[in-house]
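# Summary of structural features
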Amino acid sequence: MGKTYERIDGRLRTFIEAQPLFFTATAPLSGDGTINLSPKGLTGSFAVLDELTVAYLDFAGSNAETIAHLRENSRITLMWCAFQGSPSIVRVHGRGEPVFRDDPRYKELLAHFPDIDPTPHGLRAIIVVTADLVRDTCGYAVPFMSYDEDRDLHTKRFTREDDASLDAYFGKKEHIATSIDGLPGLPLPLPPTPA
């Protein structure tokens, strides 16, 4: 039932680009560290860069576990499930890297997300993932669920923030600059948004 693929193309690419929701999983190297699993959405915030590379926008939030784990060891798994249509699950196991605003690659990467205005979302980084292993499985046990629309709450919450107020917000959060396990998280203060 499950198959392994050498690249993200054709049916696999079409499938993952059509899903309104995906999940990321990361963990620290420490055996007793905290595993992190995060849902990701917002139409237009995910892109396939090439047959082995994908990226997604990392927006403001109340922690930075994924960033901390990637900075320590780069391991990440992304997963998409079909909640409508034929049952399928696709996983990309690979190596991820947070590309921060002051990285020379940032502006070029941001161009892969033309339908997103990053300003109202407090964009912190672009997560770039290089696939080591691409697999699909049947998804027979995944329930049917309908997608209605993106929530607008994130935009409403962060649209009133600028870089200074975002720094203040992040500074008040316990697990932004360091992870739950004490790993370096989001570098603060945030570099300014490139012009």
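Okay, so let's go over this structure. Keep in mind that this is a model prediction, so the values were computed, not measured.

### As for the overall build of the protein
- Broken down by element type, the protein carries 5 helices and 8 strands.
- The C-alpha radius of gyration computed for the protein amounts to 17 Å, which stays within 12% of the reference 16 Å derived for 195 residues, consistent with globular compactness.
- Oriented by its inertia axes, the alpha-carbon framework of the protein measures out at about 50 × 40 × 30 Å.
- Treating the 20 positive side-chain charges of the protein as one cloud and the 27 negative ones as another, the clouds have centres 3 Å apart.

### A closer look at the side chain of Ser 74
- For Ser 74, the position within the fold is in the loop between α2 (65-73) and β6 (75-81).
- Looking at Ser 74, its side chain comes within polar contact range of the side chain of Arg 95, at 3.5 Å.

### Some words on α2
- By the criterion of burial, α2 is predominantly enclosed, with 7 of the 9 residues buried.
- Inspection of α2 places Glu 65, Thr 66, Ile 67, Ala 68, His 69, Leu 70 and Asn 73 among the buried residues, and these make up the whole buried set.
- The elements touched by buried residues of α2 are β2 (22-26), β3 (36-40), β5 (53-58), β6, β7 (89-100) and β8 (125-137).
- Directly after α2, the chain includes Ser 74, whose backbone phi takes a positive value near 70°.

Thresholds applied
- Every chain's residues receive numbers from 1 upward, in the order its sequence appears when written.
- Local features are withheld for residues below a pLDDT of 70 in this predicted model, meaning they are given only at 70 or higher, and side-chain atom pairs are given and counted only at 80 or more; totals for whole chains, interfaces and linings count all residues.
- Hydrogen atoms and water are omitted, and side-chain values are computed over all heavy atoms in the structure.
- Only DSSP runs of H or I with at least four residues qualify as helices, and only runs of E with at least two residues qualify as strands; both kinds are numbered from the N terminus onward.
- C-alpha atoms define the radius of gyration in this analysis, and the globule rule sets the expected value at 2.2 Å times the number of residues to the power 0.38.
- Here the positive residues are Lys and Arg and the negative ones are Asp and Glu; neither His nor the chain ends is included.
- The atom standing in for a charge is NZ when the residue is Lys, CZ when it is Arg, CG when it is Asp and CD when it is Glu.
- By the criterion applied in these results, polar contacts are pairs of N or O atoms within 3.5 Å in which, for protein atoms, one can donate a hydrogen and the other can accept it, and in which residues neighboring in sequence qualify only through two side-chain atoms.
- Each residue is placed in one exposure class: buried if its accessible area under a 1.4 Å probe, protein chains only, is under 20% of its type's maximum, exposed if it is over 50%, and partly exposed if it falls in between.
- In this analysis, two residues are considered to be in contact whenever any of their non-hydrogen atoms come within 4.5 Å of each other.

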